Amino acid sequence: QVQLVESGGGLVQAGGSLRLSCAASGRTFSMRAMGWFRQAPGVEREFVAAITWSGEGKSYADSAKGRFTISRDNAKNTVYLQMNSLIPEDTAVYYCAARNSDIIITYVSWSYWGQGTQVTVSS
């Protein structure tokens, strides 16, 4: 129904910044909230940030608050994650997610998922 494609991952030194993008295509007319999750080796996927349709409702994990900023451009069906002051603990595969409800949830029961993009932060 909906395809999500992430981009912008890579290798960065601690203290640096990255901007992730997620472009949605397909049956996007009913898509509402979008978000980002991450998964490091050997651990479960965890919530990072999410944003409502209007862009005015935002939620962040405690680990992301104050360092990461989520935004979206509905004309482009794209959501962004600006990551500043990166630390090695941010190293993970970052996944874009979307759902048809405009209510943000912080668990993994979202409808659509991208393939993920690797973020590696060196010390």
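Participant: Would you explain the state of the cysteines in this entry?
Facilitator: Two cysteines joined by a covalent bond between their sulfur atoms form a disulfide. Under the counting rule described, the total for this entry stands at 1 disulfide. A sulfur-sulfur separation of 2.1 Å characterises the disulfide bridge that pairs Cys 22 with Cys 96. Because the sign of the S-S torsion sets the handedness, a value of about -80° for the bond joining Cys 22 and Cys 96 places this disulfide among the left-handed ones. Of this pair, Cys 22 sits in strand S3 (residues 18-26) while Cys 96 sits in strand S9 (residues 92-98), and the two are 74 residues apart along the sequence. With relative accessibility at 0%, the residue Cys 22 sits in the buried group.

Participant: Looking at this structure, how should I read the packing of aromatic side chains?
Facilitator: Two aromatic rings, taken as a pair, are described by how far apart their centres are and by the angle between their planes. Taken as a whole and judged by the stated rule, the model has 3 aromatic pairs. Look at Phe 37 and Phe 47: their rings are 5.6 Å apart centre to centre, the planes differ by 75°, and that puts the pair in the edge-to-face class. Note that Phe 37 is positioned in strand S4 (residues 34-39) and Phe 47 in strand S5 (residues 46-51), a separation of 10 residues in sequence. Taking the relative accessible area as the measure of exposure, Phe 37 reaches 0% and is therefore buried. The class for Phe 47 is buried, based on a relative accessible area of 10%.

Participant: In this structure, what is going on with the pattern of salt bridges? I would like to understand it.
Facilitator: Summed over all chains, the structure comprises 4 salt bridges. Among the salt bridges present, the one from Arg 38 reaches Asp 90, with a minimum N-O distance of 3.0 Å. Pair noted here: Arg 38 is in strand S4 and Asp 90 is in the loop between strand S8 (78-83) and S9, with a separation of 52 residues, a long-range link. In this structure Arg 38 comes out as buried when scored by relative accessible area, which is 7%. For Arg 67, the salt bridge identified is with Asp 90, shortest N-O distance 2.8 Å. Highlighted residues: Arg 67 in the loop between strand S6 (58-60) and strand S7 (68-73) and Asp 90 in the loop between S8 and S9, separated in sequence by 23 residues.

Conventions and cut-offs
- Residues numbered from 1 in each chain as written.
- Predicted model: local features only at pLDDT ≥ 70, side-chain atom pairs only at ≥ 80, totals over all residues.
- Heavy atoms only, no water.
- Disulfide = S-S within 2.5 Å.
- Helix = DSSP H or I, 4+ residues; strand = E, 2+ residues; numbered from the N terminus.
- Buried < 20%, exposed > 50% of the residue type's maximum accessible area, 1.4 Å probe, protein only.
- Phe/Tyr/Trp six-rings, centres within 6.5 Å; stacked < 30°, edge-to-face > 60°.
- Salt bridge = Lys/Arg side-chain N within 4 Å of Asp/Glu carboxyl O.

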